[in-house]
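Results of the structural survey
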Amino acid sequence: DFMQAFWDIEEVQAKAIQHLASFIRDKSALPYLRTFTELITFAMKTHVDSLKLQVDGCSLLLEILSQEQDVVMALDENVTSSLLDTVRKYSENEELLSLVCTLLMMISASEVAAENLRKVGVIPDLLSILRNFLHNEKICLSCCGVLWSLAVSENNVDQALLKSAVPVTSAVLQEHLQNGRVTESACSALWALSLQGCLTENEYEPTTALLLDVLRTNPERPVLVKNACLALASLLRLSEISALRFITDSKGSGINVIKDAYHLHFDDLEVVESICMLTNEMVQYDEVVLDLLSQKMEELLSEIKFRFTSR
């Protein structure tokens, strides 16, 4: 009531947010978290010129959404619109953008909230942030997470917009190749983009090589291996160019890469399924089949069949 009565007074809103910060950790606050979220975002939208209020508001929202997933599911378009206002007002403020992008990633996990993000036109803003702060691991991780949620959805997103996300996502992978968490997120986004048919013919070969580099650099991360294999499978389904690059890559054949991945993750059903899907796409090309035979890939497939049919 206090925040609603004095909504136009910045100092009152700032103090109310500080008071809420001490209250939300109490279990008795749980029933009110959704209301708090709406009040905080309304205060942020009303006083968008106050950087401190934006930082404090985002920090508190992060704490609320980390505590209660049901709040994320219930967020309406006003909340996503308010956060996008903050992004656009402070497009050069790296610290604040890092907070807001983390919030957007958490929110986009909800299909309804992801749809709201689509409605308010978040994709160009995400791409602009990624281009400007490509060095920032946290921002790249979050923005790629949002892109994945938007691209993987059944609702049609503007195809031209998604196509413009491909080179930016590839740039994230190249910049953070050694960072498993960021490459995992970027691989997910690239897989979703490839499923939506967003890659151009000129992007097939370099993207295949990049995904092989990802697998070579981060072989120990099962989710990353799964997503990279699924993205490769999608590329090979689309083009023989990708298939030929896969077996003739200058750093070594992709067949050896996936054999190594299997030996690291042979007990992980999802990883093994993704390797099988990739292999299934390979066999449609005669030249690749010859390579599969020469590298004794049929022995590995027989082992997979034995291991998983005997379970």
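Residues numbered from 1 in each chain as written. Predicted model: local features only at pLDDT ≥ 70, side-chain atom pairs only at ≥ 80, totals over all residues. Heavy atoms only, no water.

1. Regarding helix 15 (residues 240–248)
- Listed as buried for helix 15 are Ser 242, Ala 243, Phe 246 and Ile 247. For helix 15, the angular spread of the buried residues around the axis is 125°, confining them to a single face.
- Looking at the buried positions of helix 15, the neighbouring elements they touch are helix 13 (201–217), helix 14 (222–238), helix 16 (254–265), helix 17 (269–282) and helix 18 (286–294).
- Of the residues flanking the start of helix 15, the one acting as N-cap is Ser 239, its side-chain oxygen 2.9 Å from the backbone nitrogen of Ile 241. (Buried < 20%, exposed > 50% of the residue type's maximum accessible area, 1.4 Å probe, protein only. Helix = DSSP H or I, 4+ residues; strand = E, 2+ residues; numbered from the N terminus. Arc of directions from axis to C-beta. Contact = heavy atoms within 4.5 Å. Polar contact = N/O pair within 3.5 Å; in protein donor to acceptor, adjacent residues only side chain to side chain.)

2. Considerations on the pattern of salt bridges
- In total, this model carries 14 salt bridges according to the counting rule given.
- A salt bridge links Arg 216 to Asp 213; the nearest nitrogen and oxygen atoms lie 3.2 Å apart. In this pair, Arg 216 and Asp 213 both sit in helix 13, three residues apart, roughly one turn of the helix.
- Overall, Arg 216 belongs to the partly exposed group, its relative accessible area being 28%.
- We classify Asp 213 as buried; its relative accessible area is 16%.
- Note that Arg 245 is salt-bridged to Asp 249, the shortest N-O span being 3.0 Å.
- Arg 245 sits in the partly exposed class, given a relative accessible area of 21%. (Salt bridge = Lys/Arg side-chain N within 4 Å of Asp/Glu carboxyl O.)

3. As for the domain arrangement of the protein chain
- The domain boundaries assigned to the protein chain delineate domain 1 (1–64 + 79–89 + 97–120) and domain 2 (142–149 + 160–310).
- On a C-alpha basis, the centroid separation for the pair domain 1 and domain 2 is 38 Å.
- Taken together, the seven residues of domain 1 in the interface contact five residues of domain 2.
- Summing both sides of the interface, domain 1 and domain 2 together bury roughly 450 Å²; the carbon and sulfur share of this comes to 69%.
- Looking only at domain 1, the three residues that lose the most surface to domain 2 are Cys 101, Met 105 and Ser 108, adding up to 71% of its buried area.
- Inspection of the domain 1/domain 2 interface yields zero salt bridges.
- Joining domain 1 to domain 2, the criterion identifies two residue pairs in polar contact (both at pLDDT 80 or more).
- For the side of domain 1 that touches domain 2, the element with the highest residue contribution is helix 7 (residues 94–108), accounting for five residues.
- Grouping the constituent residues of the side of domain 1 that touches domain 2 by class yields five nonpolar, two polar and no charged. (Domains from an automatic or database assignment. Buried area = accessible area lost by both parts, 1.4 Å probe. Nonpolar A, V, L, I, M, F, W, Y, C, P; charged D, E, K, R; others polar.)

4. Details of the state of the cysteines
- In this structure the tally under the stated criterion is zero disulfides.
- You can see Cys 101 has no disulfide; the closest cysteine sulfur is in Cys 143, sitting 3.7 Å from it. (Disulfide = S-S within 2.5 Å.)

5. Points about unusual backbone geometry
- Look at Lys 296: it is not a glycine, yet its phi comes out positive at around 55°.
- When you line up the elements, Lys 296 lands in the loop between helix 18 and helix 19 (297–309).

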